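Here's the letter readout for the chains.
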Amino acid sequence: MAEAHSAVAFSFSVTHEGWDVNFDREVLRLVIASGLRSWKKRFLRFQNNLRNGIYPASPQSMWAVVLAISVIQFSGFTLPLYQFILSLMPGNSIFWQFASCFLLGIIAWLIVIYTIRYLLKLLLMYKGWMFEQKTANGKISLTTRLWAIGVKVLSGTNKPLLYSYQGSLPRLPLPNVHDTMQRYLRSVRPLLDDERYEKMKLMASEFETGIAVKLQRYLILKSWFATNYVSDWWEEYVYLRGRSPLIVNSNFYAIDAISLKTTHIQAARAAAVIHIALRYRRLIERQELEPIMLQGLVPLCSWQYDRMYNTTRVPGIESDKIVHYHDSNHIAVFHRGRYYKVIIYHRNRLLTPCEIELQMQMILDDTSSPAKGEEKLAALTAGNRTEWAETRQTYFFKGTNRISLDAIEKAAFVVALDDVPYEYSESDPNKLDQYGRILLHGNGYNRWFDKSFTLCVGSNGRIGLNAEHSWADAAVISHLWEYVILEEGPPNKADAPVAGHMWEYIIGIEIEKGYDAEGHTKGVPEFKPPKPIRLQWDFPDPAVEAIEKSYKVAFDILNDLDLRILAHRAFGKGFVKTCRVGPDAFIQMALQLAYYRDAGKFSLTYEASMTRLYKEGRTETVRSCTVESAAWVKTMEDPNCSIEDKVKSLQKACSVHQRACQDAMIGKGIDRHLFCLYVVSKYLEVDSPFLKAVLSEPWRLSTSQTPHGQTSRFNAKENPDCISAGGGFGPVADDGYGVSYIIAGEDLIFFHVSSKISSPVTNSSRFASNIEKALDDMRKLFLSWKELQKSSK
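Because the structure is a prediction, the values reported are computed rather than measured.

We now examine the side chain of T611. Its location among the elements puts T611 in the loop between β17 (605-610) and β18 (619-623). A residue is classified by how much of its surface remains accessible, and T611, at 5% relative accessible area, is buried. Residues in contact with T611, not counting those within four places in the same chain, are L172, G617, R618, T619, E620, A664 and M665.

Here it is, written out as C-alpha cells:
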C-alpha cells in the first residue's frame, strides 16, 4: 500500500499539537497545470462552438454589417426597426444612436446567417447528384450544376472546422412503410421458394395494413423531435444492451501498413505512434481536423469523432453505458500482466516522441511481477457483461482498485506492449492470419476491450489496433488509422519540414519525424519525462475467481475463431475500373459467387453502409444478395451460358447493387426502419409475427469494406506503402462468415475472413480460396469479353 499512498498529493491529520498538513509540491503543480489546460480547452471549445454556430460566416463579418448599417443610417436613410430600437434606449444621444445601429446590425447579421444556413440545409437534402449518370461528354445535368454552385456559394470561403457543418446537416428521412415492404420482399425473393415467398408476402401485407400504421405514427413523431430517429436506439439496443462478450463478437481490429518500413524497436515505434495519435486527438479537440467532404462538396457528419478518446464502455447489469471524459493527461499501458499510468504532458506541453520512448523503455525494462489477479484482469472486459458489472460493483467500487480502474478508464486510450512479434510474410500466409488473431482477441486478457481503442505494439515494432464498436463505426477509426500511418510514413512534399503543427512552432519546440539509423525516435529529450506509475490492485480470492471465470469464457471464444487473411495480388482497383462496374459491387458479386460455391445456396447478406450524409447518422444495411446477383451466379455456373450474357448479367447485378448502396446512404434502406418499428412495437407491447420473422433472420454472410483515402493529404500513387492491410471482425452467425475487405491498391485487395471452428459447415480457408477463385473467374470473363469485342470490330 506504500505505493498507493505515495500517489496522494495532499493529506492532513489532527494531533494534540494542531493541524499536520503534508503535500507533494510536484504533484500539486501537475494538478494545477492540468486544471489550466482544461480551462484552456473549455475556452477553445467555446470559441469553436461560436464559430460553428455562425458558419459559413466569420465573426469579422458582423463588424462589416454593423459598419454598413451605421453608415447607411447616418447618411440620412431611416432603416426599418431603427426607430423602434432607439425608442427602447435610455436616451437619444449620439452614443445611443450608435448603440441602436449596433443592435440593428447584429439582428440583420443573424438573420442573414441563419437564412444562409437554412438554405444550405435545404440544398443538402437534394441527393439527385448521387444517382446521376454522366453523359458521354462528361457533363452533368443543369439541375445538379445549379445545385453544386448553390452549395459552393452558401458554404462560403472560410475553412470549415470539424463540426462546422453539423448545424446545416439535414435529419435522416423516415421512409414510408409501403416502400420498405416492397424493398424487403424483393430482397428475400432469391432466398425463398415460391410457397415460403407467398407466405412472407401475406405476412408483409397484413403488417403493412395493420399494426404498421400505428407504429409508423410513433416513428414519425420521433423523427420530428429526435436529431436522428435511428441512432440512439441502435446504440442502445444493438450494442449497449447486448450481454454477450465483446471479444470477437463485437470488437474489431486494424492492421499495420505491412509494406511500410519503420523500426524494429518496440519502444520507439510505440512512442512515435502514441505521439501521432495524441496529435490527432488535439486536432479533434481544436476542431482543426478537416471534415470529410464527398465530391469535395457534400459534408459527412462528424459527430462520432467526439468520443474517440477518453472514452470507455462501462458495464451494467441490464445495459452498459458509454462514458466520455472531456480531458485526460495520461494513457494506460499494459505489459506482461502489469498496468501503468503514463503522464503524457509536462509543463503544459505534449511530450515528444523521444521522451515518450524513454517512458516505454522504462516499462519494458521493469522486471517486477504482476500482483495477484492483475495479469488476467482485462479478461473481465472480455467476458459476460452482467458478470463484469457485478464484479465491478463488488470489488472496484472504492479503494485501491477504484483508483487504478479509474486510471485505465479515464486514459486517453490504452497501449498494449505485447511480448510476441507481429509477423508478415508473402511466402507464409499463416503469419498474417496469426497477426490478425493477436489483434482481434490477443490471449484473452491483454486487450482492454471496454476502451474506445487499444493500440497494440508487437515486440518487433509492428502495430495494430483493437476497437470497441458501440461508440462509433469502423470508418471513424479507419480515419485515425490512416492518419497515423500517413504521418509516420514517407514525408509528403507539401508537408512542413517537421511533423509538428503550428503550436509547436509558436512555442519553439521542433518535433522531428521518423527514426534514426539505429531505429530510435529522432530528437533529444529536453528533460527526464514523468516516470510511469505502476497501478496497484488488491483482489480477494472471490475477485480472482471472477477474473478466471471470465478468462475461461474468453478462452473458449478465441479458440473457436477461424481467421484467414487473404492478400489477393492478381489484380485490384485498376483492373476493376476497366470493367465498367463499381469496385465495391464487383467484390460483392465475387462474394455471392464464392458463398454459393461454398454452401450450395444463397444467403441473406449484410454489407455495412453509412448514413453520415445526415446528422448523427451511423450505418445502414445493404442486402447484397439480390434477384439480379442470384441470376448472375447461376449464369456463371451454367456452362451453356454465353460470355456476353454472363457479362450483361453481372453488369446488371452490379448496377442494382450500386443503387441499393445509394438508397441506403440517403435513408431508403430496409433494416433500420424495420428495426425501429420493432422497438416501437416492444414499447407498446404489441406482438408482430412479421417483425419477429424479419429480425430473427441470421446474417450468414456479413461483409464490410474498409475505406481509405479519407484525408485530403493521402495519395495512393505517391505513397503506395502507406495503405493499411485493413482489418476484420468475427462472424455474426454461428454458421456464417464475417468478411472485411480493403482495396489496398491498383493490384492488391485484402480479405479478412472469419468463422467458427465449431461450425461443421464453415471453413475460413476454404471460403477464402473460393473468393480467390471467384475473382479469377471474373477476371477471365471480362478478359474474354474484351477479346470478343475487339474481334467483332
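That was the structure; now back to the text.
Next up on the list: the UniProt feature "transmembrane region" (unreviewed entry) in the protein. As annotated by UniProt and renumbered to match this structure, "transmembrane region" (unreviewed entry) occupies residues 61-82 and 94-120. What you have in residues 61-82 is 68% helix and 0% strand, and the ends, taken at the C-alpha atoms, are 20 Å apart. Secondary structure across residues 94-120 divides into 100% helix and 0% strand, with the first and last C-alpha atoms of the span separated by 39 Å.

With that settled, consider the packing of helix α23 (residues 627-636) against helix α24 (residues 643-665). In contact at an axis separation of 8 Å, α23 and α24 are set at 155 degrees when each is read in the N-to-C sense. It follows that α23 is roughly antiparallel to α24 by the angle criterion. When the axes of α23 and α24 are compared, the crossing they make is left-handed. Touching E628, S629, A631, W632, T635 and M636 of α23 are K646, S649, L650, K652, A653 and V656, all from α24. A per-class count over the contact of α23 with α24 returns six nonpolar, three polar and three charged.

If you trace the eight strands from one edge of the open sheet to the other, you get β15-β9-β8-β12-β13-β14-β3-β20, paired in mixed fashion. Across the chains shown, the open sheet's two edge strands, defined by having one partner strand only, are β15 (533-534) and β20 (727-728). Pairing analysis gives two bridges linking strand β3 (residues 252-255) to β20, with the strands arranged antiparallel. Following the sheet pairing, A254 is matched in β20 by G727. Of the strands in this sheet, β8 (330-335), β9 (338-343) and β12 (414-417) touch helix α13 (residues 353-365), which is tilted by about 160 degrees from β9. Helix-sheet contacts for helix α18 (residues 474-488) involve β3, β13 (453-457) and β14 (463-467), and the interaxial angle to β14 is about 155 degrees.

There is a patch of nonpolar side chains on the surface, built from L81, F84, L88, I107 and I111 and spanning about 520 Å² of accessible area. Assignment of secondary structure puts L81 in the loop between α3 (59-74) and α4 (82-87).

It is worth spelling out the sheet that holds strand β19 (residues 701-705) at this point. The sheet built from six strands is open, its strands ordered β16-β22-β21-β19-β17-β18 with mixed pairing. Unpaired on one side and paired on the other, β16 (561-568) and β18 mark the two borders of the sheet. Strand-to-strand twist in this sheet, taken as the mean axis angle between neighbours without regard to direction, amounts to 25 degrees. For β17 and β19, the ladder comprises three bridges, and the chain directions are parallel. What sits directly across from E607, in β19, is T703. Helix-sheet contacts for helix α17 (residues 429-440) involve β16 and β22 (748-756), and the interaxial angle to β16 is about 125 degrees. Contacts from α24 reach β17 and β18 within the one sheet, and its direction differs from that of β17 by about 50 degrees.

Before going further, it helps to examine empty space enclosed by the protein. Throughout the structure, instances matching the rule amount to four cavities of 30 Å³ or more. There is about 100 Å³ of room inside the second largest cavity. Within the residue set of the lining of the second largest cavity, elements represented by two or more residues are α11 (231-240) and β18. Here the lining of the second largest cavity is built from residues that sort into five nonpolar, six polar and three charged.

Bringing the side chain of D450 into the picture now. Within the secondary structure layout, D450 lies in the loop between α17 and β13. For D450, a relative accessible area of 0% gives the class buried. Among the polar contacts listed, one links the side chain of D450 to the side chain of W388, at a separation of 2.7 Å. Setting aside residues no more than four positions away along its own chain, D450 makes contact with L246, T312, R313, P315, T381, R385, W388 and E468.

The subject of this paragraph is the nonpolar core. Membership of the largest hydrophobic core comes to 133 residues, with the highest contact counts inside it found for I274, Y305, M308, I331, M360, F413 and F690. Considering every element that reaches this core, the biggest residue donor is helix α12 (residues 266-285), with eleven residues. Core analysis: the next-biggest nonpolar cluster, separate from the first, contains 42 residues, A594, Y595, W632 and V739 among them.

Attention shifts here to the packing of aromatic side chains. In total, this model carries 35 aromatic pairs according to the counting rule given. Aromatic pair W63 and F102: ring centres 5.9 Å apart, planes at 35 degrees, arrangement tilted. Of this pair, W63 sits in helix α3 while F102 is found in helix α5 (residues 94-124), placing the two residues 39 residues apart along the sequence. Judged by relative accessible area, W63 falls into the exposed class, the value being 52%. Ring pairing ties together the aromatic residues F334, Y339, W388, F396, W448, W537 and F539, which thus form one cluster. Directly above the aromatic system of Y197 lies the positively charged group of R189, at a separation of 4.3 Å from the ring centroid. Taking the ring centre of W233 as reference, the NZ or CZ of K222 above it sits at 3.6 Å.

Conventions used here
Residues numbered from 1 in each chain as written. Predicted model: local features only at pLDDT ≥ 70, side-chain atom pairs only at ≥ 80, totals over all residues. Heavy atoms only, no water. Helix = DSSP H or I, 4+ residues; strand = E, 2+ residues; numbered from the N terminus. Buried < 20%, exposed > 50% of the residue type's maximum accessible area, 1.4 Å probe, protein only. Contact = heavy atoms within 4.5 Å. UniProt positions renumbered as here; feature names shortened; annotations may be inferred. Axes fitted to C-alpha atoms, helices over the stretch in contact; angles between N-to-C directions. Parallel < 35°, antiparallel > 145°, perpendicular 65-115°, else oblique. Left-handed = near helix turned anticlockwise from the far one by under 90°. Nonpolar A, V, L, I, M, F, W, Y, C, P; charged D, E, K, R; others polar. Pairing = 2+ DSSP bridges. Patch = residues over 30% accessible without salt bridge, like charges linked within 9 Å, V, L, I, M, F, W, Y side chains within 5 Å. Areas by Shrake-Rupley, 256 points an atom, 1.4 Å probe, with all protein chains shown as cover. Salt bridge = Lys/Arg side-chain N within 4 Å of Asp/Glu carboxyl O. 1 Å grid on protein atoms, 1.4 Å probe; cavity = no way out; pocket = protein on both sides within 12 Å on 5 of 7 lines; lining within 4 Å. Points joined across faces, edges and corners; volume = space filled by probe spheres on them. Polar contact = N/O pair within 3.5 Å; in protein donor to acceptor, adjacent residues only side chain to side chain. Core = buried A, V, L, I, M, F, W, Y, C linked by side-chain atoms within 4.5 Å. Phe/Tyr/Trp six-rings, centres within 6.5 Å; stacked < 30°, edge-to-face > 60°. Lys NZ or Arg CZ within 6 Å of the ring centre and 35° of its normal.

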